[in-house]
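Descriptive structure summary
Spelled out from the first residue to the last, the chains are:
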Amino acid sequence: MTGSSPTQRSAPHPPRLTLVIPTYNERDNIPELLSQLGQVLEAAEAEIIFVDDSTDDTPTVIEAARSDCPVPITVVHRDDASGGLGGAVVEGLKRAQGAWVVVMDADLQHPTATIADLVATGEQTGADLVVATRYAGGGDRSGLSSGYRKAVSGGSTLLAKTLFRRALAGVSDPMSGFFAVRAASIETDRLQPLGYKILLELIVRTRPQRVAEVPYTFAPRHAGESKSSLREGLRYLRHLATLRLGRTRARMLGYGLIGLSGMLPNLVSLWLLTHLLGVHYVPAAIAANQVAIAWNFALTNMLLFRSGPRRHSLRSRLTRFALLNNTDLLVRIPLLGVLVAVLHVNVLLGNALTLAVMFLVRFVVIDRAIFVPAPAETPSTVPETS
Ligand code: GDD
Ligand code: MN
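All values derive from a computational prediction rather than experimental measurement. (Residues numbered from 1 in each chain as written. Chains lettered and ligands numbered in written order. Predicted model: local features only at pLDDT ≥ 70, side-chain atom pairs only at ≥ 80, totals over all residues. Heavy atoms only, no water.)

**Comments concerning the domain arrangement of the chain**
Where we set the bar: Start and end positions for the domains come from either an automated domain assignment or a database one.
Examined at the domain level, the chain breaks down into domain 1 (2-227) and domain 2 (247-370). Distance from the C-alpha centre of domain 1 to the C-alpha centre of domain 2: 44 Å.

**Quick notes on the pattern of salt bridges**
The test is simple: By convention in these notes, a salt bridge is any Lys or Arg side-chain nitrogen within 4 Å of a carboxyl oxygen on Asp or Glu. What counts as a helix is a DSSP run of H or I of at least four residues, what counts as a strand is a run of E of at least two, and both are numbered from the N terminus. Only protein chains enter the accessibility calculation, which uses a 1.4 Å probe; a residue is then buried when its area is under 20% of its type maximum, exposed when over 50%, and partly exposed in between.
Under the counting rule described, the total for this entry stands at 17 salt bridges. Between Arg66 and Glu63 there is a salt bridge, and its shortest N-O distance comes to 2.4 Å. Here Glu63 and Arg66 lie together in helix 2 (residues 58-66), a separation of 3 residues that amounts to about one turn. Taking relative accessible area as the criterion, Arg66 reaches 9% and is therefore assigned buried. By relative accessible area, which is 29% here, Glu63 ends up partly exposed. A salt bridge links Arg235 to Glu232; the nearest nitrogen and oxygen atoms lie 3.3 Å apart.

**Here we look at a nonpolar patch on the surface**
Where we set the bar: Within the patch definition used here, like charges are joined within 9 Å and nonpolar side chains (Val, Leu, Ile, Met, Phe, Trp, Tyr) within 5 Å, considering only residues with over 30% relative accessible area and no salt bridge. All accessible areas in this document rest on Shrake-Rupley with a 1.4 Å probe, and a residue is counted as covered only by the protein chains that are shown.
Taken together, the side chains of Leu264, Val268, Trp271, Leu272, Leu276, Leu277, Val279 and Trp295 define a hydrophobic patch exposed on the protein surface, amounting to about 760 Å² of accessible area. Considering every element that reaches the nonpolar patch, the biggest residue donor is helix 9 (residues 263-276), with 5 residues. Note on Val279: relative accessible area 30%, which makes it partly exposed.

**Observations regarding the packing of aromatic side chains**
Counted only if it meets this: Any two rings among Phe, Tyr and Trp, with Trp reduced to its six-membered ring, count as a pair given centres within 6.5 Å; such a pair is stacked if its planes are under 30 degrees apart, edge-to-face if over 60, and tilted if neither. Geometrically, a lysine NZ or arginine CZ counts as sitting over a ring once it is within 6 Å of the ring centre and also within 35 degrees of the ring normal.
On inspection of all chains with the given rule, the structure shows 3 aromatic pairs. Ring centres of Phe178 and Tyr216 lie 5.5 Å apart, and the angle between their planes is 90°; this geometry places the pair in the edge-to-face category. Of the two residues, Phe178 is situated in the loop between helix 5 (147-163) and strand 7 (179-182) and Tyr216 in the loop between strand 8 (211-215) and helix 7 (230-245); the sequence distance between them amounts to 38 residues. Arranged with centres 6.3 Å apart and planes meeting at 80°, the rings of Tyr216 and Phe218 form a pair that is edge-to-face. Accessibility expressed as a relative area gives 7% for Phe218, which makes it buried. Against the face of Phe218 rests Arg134, its NZ or CZ located 5.1 Å from the ring centre.

**With respect to the packing of helix 11 (residues 314-342) against helix 12 (residues 347-370)**
Put simply, the test is: Under this scheme, a helix contributes an axis fitted over its contacting stretch, all axes are lines through C-alpha atoms, and angles between N-to-C directions fall in the 0 to 180 degree range. Geometric relationships in this document are graded by angle, where less than 35 degrees denotes roughly parallel, more than 145 denotes roughly antiparallel, 65 to 115 denotes roughly perpendicular, and other angles denote oblique. Less than a right angle of anticlockwise turn of the near helix away from the far helix marks a crossing as left-handed, whereas a clockwise turn marks it as right-handed. Pairs of residues are marked as contacts when any of their non-hydrogen atoms sit within 4.5 Å.
Two numbers describe how helix 11 lies on helix 12: the axes approach to 9 Å, and their chain directions differ by 140°. The angle between helix 11 and helix 12 falls in the class oblique. In the packing of helix 11 onto helix 12, the handedness of the crossing is right-handed. For the pair helix 11 and helix 12, the contacting residues are Asp328, Val331, Arg332, Leu335, Leu336, Leu339 and Val340 in the first and Val347, Gly350, Asn351, Leu353, Thr354, Leu355, Val357, Met358 and Arg362 in the second.

**Comments concerning the side chain of Lys197**
To be explicit about the condition: We treat Lys and Arg as the positive residues and Asp and Glu as the negative residues; His and chain ends play no part in the count.
With respect to the helices and strands, Lys197 occurs in the loop between strand 7 and helix 6 (198-206). Buried charged residue Lys197 carries no salt bridge. Nearest counter-charge: Asp173, at 7.5 Å. Every residue in contact with Lys197, bar those within four places of it in the chain, is listed here: Met175, Tyr236 and His239.

**Observations concerning helix 8 (residues 247-261)**
Put simply, the rule is: Take the number of residues in a helix, subtract one, and multiply by 1.5 Å to get its expected span.
An ideal rise of 1.5 Å per residue puts 21 Å on 15 residues; helix 8 measures up with 21 Å between its terminal C-alpha atoms. The set of residues buried in helix 8 consists of Ala250, Gly254, Gly256 and Ile258. Where the residues of helix 8 are buried, they touch helix 7, helix 10 (281-304) and helix 12.

**Quick look at the UniProt feature "transmembrane region" (unreviewed entry) in the chain**
Applicable threshold: UniProt positions are given in the numbering used here, feature names are shortened, and annotations may be inferred rather than shown by experiment.
UniProt's feature table lists "transmembrane region" (unreviewed entry) at residues 252-273, 279-300, 321-342 and 348-365, given in the numbering used throughout. Taken end to end, residues 252-273 is 95% helix and 0% strand, and its two terminal C-alpha atoms sit 32 Å from one another. In residues 348-365, helix accounts for 100% and strand for 0%; the two terminal C-alpha atoms are 26 Å from one another.

**Thoughts on empty space enclosed by the protein**
What counts here: Definitions used for this entry: grid spacing 1 Å over protein atoms alone; cavity, a set of points where a 1.4 Å probe fits but cannot get out; pocket, an open set with protein on both sides within 12 Å along at least 5 of 7 lines; lining residue, one with an atom within 4 Å of a point. Grid points are joined across faces, edges and corners, and a volume is the space filled by probe spheres set on the points. Note that Gly is not counted as nonpolar here; it falls among the polar residues with everything else outside the nonpolar set of Ala, Val, Leu, Ile, Met, Phe, Trp, Tyr, Cys and Pro and the charged set of Asp, Glu, Lys and Arg.
By the definition in use, this model includes 1 cavity of 30 Å³ or more. Each pocket or cavity is described by its volume, and for the largest cavity that value is around 40 Å³. Taken together, Asp128, Leu129, Val181, Ser185, Ile186, Leu202, Thr206 and Pro208 make up the full set of residues lining the largest cavity. Taken together, the residues that form the lining of the largest cavity break down as 5 nonpolar, 2 polar and 1 charged.

**Looking at the site of ligand 1**
What counts, and what does not: When we say a residue is near a molecule or strand, we mean one of its heavy atoms is within 4 Å of it. Counted as a polar contact is a pair of N or O atoms within 3.5 Å, where, for protein atoms, one must be capable of donating a hydrogen and the other of accepting one, and residues adjacent in sequence contribute only when both atoms are in side chains.
Neighbouring ligand 1 are 27 residues, the closest being Glu26, Asp53, Gln109, Met175 and Lys227. Gln109 is positioned with one of its side-chain polar atoms (N or O) 2.7 Å from an oxygen atom of ligand 1. Protein contacts shield 96% of the accessible area of ligand 1, which totals 750 Å² for the unbound molecule. Going through the elements one at a time, strand 2 (17-23) and helix 3 (84-95) are the ones with two or more residues in the shell around ligand 1. Per-element accounting of the shell around ligand 1 gives the leading share, 3 residues, to helix 3.

**Overview of helix 12**
Here helix 12 contains 24 residues, and its C-alpha end-to-end distance of 33 Å stays within 8% of the 34 Å for a straight helix at 1.5 Å per residue. Those residues of helix 12 lying buried are Val347, Gly350, Asn351, Ala352, Thr354, Leu355, Met358 and Ile366. In the core, the buried residues of helix 12 are packed alongside helix 8, helix 9, helix 10 and helix 11. Measuring from the backbone nitrogen of Leu348 back to the side-chain oxygen at the start of helix 12 gives 2.7 Å, which picks out Asn346 as the cap.

And the structure:
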């Protein structure tokens, strides 16, 4: 992290409001954003903190526009971008001086005119959290660019609301990136942000006393393009699983799903080898296992344990992974032999059966011998008392 800019002007007394704005390559939105913020914020009462992970010159553009803005501006540029958008917001929350913190995007999809409503609603209702919502009381999500984005957004909301029924009871838009929090109510140390859904993280882990909502219209992006991606979608699923199950069990679930998905390449390659190329089923099953191992390794490597540097090189990880996963064959090949040669079961069905058996064996071993709960264990997961 290169830290906050030394030239920041700070208000003589703590501001009433801190605006936290995460930025990732938003250079073309900055001038319009700061111009609008200059009009809606009162200079003596507010500060703006940009937390930037850009690879373009967004920080320089902010620095250049700062002198025209009546409100003090801090730019924090992070070199590591840990936690992505959510990590940036938490960094901003930690540095905020205001009694209220409003989090919003830099691309003008969140109307600057709503900022004051959020804080006013918090003051009037005594809420600790005020969520700007697209889904209630006249809110609108017309700025979501496509039917696909709308479906993804609706689906993610439904999934979160199903998994966290109680925590999200009064929240119609838990995916919102636009909200106000009472600074005194936030415990930033409890947050473990992972990607976009920082509001969900905040609600589920810190359970704000009272939540209010303000409807708004999600506008189209002013300039540039959205940074959300398939990868961000997968990160969201991991985030949900981690919030619900805790880190280790979430990884186990991912591991199980990847293992299950490996049956597909396994059976397809076995079919190709035996039916199309006429290979004997034993070498074919061994070869098919290698294809599935490659598949599982690629997914595990990409999705499950991706963050941070690793002790072992890629090649060394692959070798260990392949060795471990081939020990399966010691059981599966004899079993397959019995099924095919003795019981005359079809090769594909037989192979599927051996895979299922090993999957169960592995699960039972992991469940009964490895992840054994201590008596009266304190739950490491987020309680969802109902
Ligand atoms: N610092 C930082 N680091 N900022 C980021 C990162 C990151 O890794 N990724 C995105 N941002 C910034 C963008 O520059 C922008 O200011 C804001 O976060 C939102 O990113 P977009 O890429 O524009 O997201 P979106 O429009 O698809 O979705 C946003 O709005 C939805 C509705 O409120 C997000 O806020 C979603 O979480 C939200 O559901
Ligand atoms: Mn956006």
